[in-house]
Amino acid sequence: MADLGIGISHAIQLDYWRQWKNVLEGKTPMDQYISVIYKDAMEMIKEKQIVYLYFGNSFCQYNLPSSEEMKTVLTYCEENEIQMILVTPPVTDFGIEKIRQLLELFEKGKEPNIVINDFGILELVKEIGYKGHIILGRVLDKTIREFRLTDNERNQYYSERGKDYMDTAASTANCYSAVLKKYNIRRVQMDISDVIYKKNPELEYDCVLPSEYITTGRMCLFRIAGQSKDEKYLLNDSCKKYCNFQKQMLTKPIDYLKFDNDGNRIRELRMIRKGNTLFTLRNSLRKMEFSERLVLDLDMIY
């Protein structure tokens, strides 16, 4: 693992308070593959001072924290001089109401910064005059990513103009920048990647690691498990949250010669399904040169 750099701040991201309790108690991930990928990232927690704690979920409204959990985290952050940042996902009316309730817990003038992954929530915080700074979430980052491509394949398949397009962050586009300025957004979250992107010099960037999300959507195979045909596609508040206790490892054998950027043979592609989202995991920190803040996402390991 590369040196994490001078001047880069460090943060953790939690879906649930018990994830951080597991870290403090020294518990290790049960899955060996995930444990290996997280090993270097976990060392970062031990060696570097955590300045920020991101609390919430970027992808699913059913995994938003309860009011009781939020109060626990706020107390912990205050006692340990850590700045809490609320994380919110794409939502329906159910999620909007839940976020309203969470926002009401904060004292006027002491609102935390908030990560937003839904344009409706952007309008909500603007409407209520929310005082915390807005961070654009990783779901609303529209930078093109392709986790299956290695550097050699990129050089083989793309022209110089194509590679330049693939290596440029979406936040550099004029139309994208216009939206950010409308909502006074100065920081954007991006997933860890093997690409060091050309960034917008007017913005600051979070690098979320080691999980890189591939795709996400409204339908969740975990949520509809065991439901009748008529209930599977209802947009209500019913969810047993099976994704908090299990993940699905997806693999596909590769029947041709493929090597990673270090020259090691790649024999299969791996993805992880957790709830309504597919992820891959990376332990490379090449992108540290691109970001001012590294955010260790603990959602995958506990």
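Higher on the page you've got the structure.
Presented here is an overview of the structure given in this document. Throughout this document, residue positions are counted from 1 along each chain, in the order its sequence is written. Whole-chain, interface and lining totals are the exception, using all residues; otherwise, since this is a predicted model, local features are given only for residues with pLDDT of at least 70 and side-chain atom pairs are given and counted only at 80 or more. Hydrogens and water molecules were not included; the side-chain quantities draw on all heavy atoms of the structure.

Helix numbers and strand numbers start at the N terminus; a helix is a DSSP run of H or I with at least 4 residues, a strand a run of E with at least 2. Across its full length, the protein holds 8 helices and 12 strands. The globule rule is 2.2 Å times the number of residues to the power 0.38, and the radius of gyration it is compared with is taken over C-alpha atoms. For 302 residues, the compact-globule estimate of 2.2 N^0.38 gives 19 Å, and the protein sits close to it at 19 Å. When the backbone C-alpha atoms are referred to their principal axes, the protein occupies close to 55 × 50 × 40 Å. Residue contacts are defined here by distance: any two heavy atoms, one from each residue, within 4.5 Å place the two residues in contact. For the protein, long-range pairs separated by at least 24 residues make up 73% of all intrachain contacts whose partners lie at least 6 apart in sequence.

Moving on, we get to the sheet that holds strand β11 (residues 277-281). One requirement defines pairing of two strands: DSSP has to find at least two bridges between them. With respect to topology, 4 strands assemble into an open sheet ordered β8-β11-β10-β9, the strand pairing being antiparallel. Because the sheet does not close on itself, it has two edges, and the strands there are β8 (211-216) and β9 (248-253). Averaged over all pairs of adjacent strands, the angle between their axes in this sheet comes to 30°, without regard to strand direction. Examined bridge by bridge, β8 and β11 share 5 bridges and lie antiparallel to one another. Counted as the bridge partner of Thr-216 is Thr-277 from β11. A fitted line through C-alpha atoms represents every axis, and for helices the fit uses only the stretch in contact; the resulting angles, taken between N-to-C directions, go from 0 to 180 degrees.

Attention shifts here to the sheet that holds strand β6 (residues 187-191). In spatial order, the strands read β1-β2-β3-β4-β5-β6-β7-β12; together these 8 strands close into a barrel with parallel pairing. Taken pair by pair, the neighbouring strands of this sheet meet at an average axis angle of 25°, ignoring direction. Pairing analysis gives 5 bridges linking β6 to strand β7 (residues 204-209), with the strands arranged parallel. Each bridged residue has a counterpart across the sheet, and for Met-190 the counterpart in β7 is Cys-207. Across the sheet, helix α3 (residues 67-79) is in contact with β2 (52-56) and β3 (83-87); its angle to β2 comes to roughly 180°.

In this fold, Asn-200 is placed in the loop between β6 and β7. Sequence-wise, Asn-200 and Asp-141 are 59 residues apart; in three dimensions their C-alpha atoms are separated by 13 Å. Other than its neighbours up to four places away in sequence, Asn-200 contacts Ser-171, Thr-172, Ser-177 and Tyr-205. Polar contact criterion, stated in full: a pair of N or O atoms within 3.5 Å, where within protein one must be able to donate a hydrogen and the other to accept it, and residues adjacent in sequence count only if both atoms are side-chain atoms. A polar side-chain atom of Asn-200 sits 2.9 Å from the main-chain carbonyl oxygen of Ser-171.

On to unusual backbone geometry. Most peptide bonds take the trans form, and the phi angle of most residues other than glycine is negative. In this model, Leu-209 is joined to Pro-210 through a cis peptide bond whose omega is -5°. Tracing the sequence through the fold places Pro-210 in the loop between β7 and β8. Here the phi dihedral of Glu-81 falls at roughly 55°; this positive angle occurs in a residue that is not glycine. Following the sequence through the fold, Glu-81 ends up in the loop between α3 and β3. What makes Glu-81 exposed here is its relative accessible area of 75%. Unusually for a residue other than glycine, Lys-241 sits at a positive phi of about 55°. Inspection of the secondary structure assignment puts Lys-241 in the loop between β8 and β9. Here Lys-241 falls in the partly exposed class, since its relative accessible area comes to 25%. To sort residues, take the accessible area from a 1.4 Å probe on protein chains only and compare it with the maximum for the residue type: under 20% means buried, over 50% means exposed, and anything in between is partly exposed.

Our focus in this paragraph is helix α5 (residues 119-127). Within α5, burial applies to Ile-121, Leu-122, Leu-124 and Val-125. The arc enclosing the buried residues of α5, seen along the axis, measures out at 160°, which places them on a common side. Buried residues along α5 sit in contact with α4 (93-103), β4 (113-116) and β5 (134-136). Where α5 terminates, the next one or two residues include Gly-129, which has phi positive at roughly 70°. The directions from the helix axis to the C-beta atoms are what the arc is built from.

Another aspect to go through is the pairing of strand β1 (residues 9-14). In terms of burial, β1 is largely enclosed, as 6 of its 6 residues are buried. Neither face of β1 is left uncovered, since the one carrying Ser-9, Ala-11 and Gln-13 and the one carrying His-10, Ile-12 and Leu-14 both have all their residues buried. Taken together, the 5 bridges between β1 and strand β12 (residues 293-297) define a ladder with parallel strand orientation. Across the sheet, residue Ile-12 finds its bridge partner in β12, namely Leu-296.

Consecutive residues of a regular strand have side chains that alternate between opposite faces of the sheet. Taken across its 6 residues, β7 has 5 buried, putting it largely inside the fold. Taken together, the 4 bridges between β7 and β12 define a ladder with parallel strand orientation. From the neighbouring strand, Leu-209 faces β12, where its bridge partner is Leu-296.

Attention shifts here to helix α1 (residues 17-24). Residues of α1 that are buried include every one of Trp-17, Gln-19, Trp-20, Asn-22 and Val-23, and no others. Two residues or fewer after α1 comes Gly-26, characterised by a positive phi angle close to 80°.

Put simply, two rings from Phe, Tyr or Trp (the six-membered ring, in Trp's case) pair if the centres are within 6.5 Å, and we call them stacked under 30 degrees between planes, edge-to-face over 60, tilted for the rest. The full count for this structure, using the stated rule, is 4 aromatic pairs. Three or more aromatic residues joined by ring pairs make a cluster, and in this case those are Phe-59, Tyr-213 and Phe-279. The positively charged end of Arg-18 is found above the aromatic ring belonging to Tyr-16, 5.2 Å away from the centroid. Cation placement over rings: the criterion is NZ of Lys or CZ of Arg within 6 Å of the ring centroid and within 35° of the ring normal. A cation sits over an aromatic face here: Arg-293 above Tyr-52, 3.7 Å from the ring centre.

Geometric values such as these leave the question of function open.
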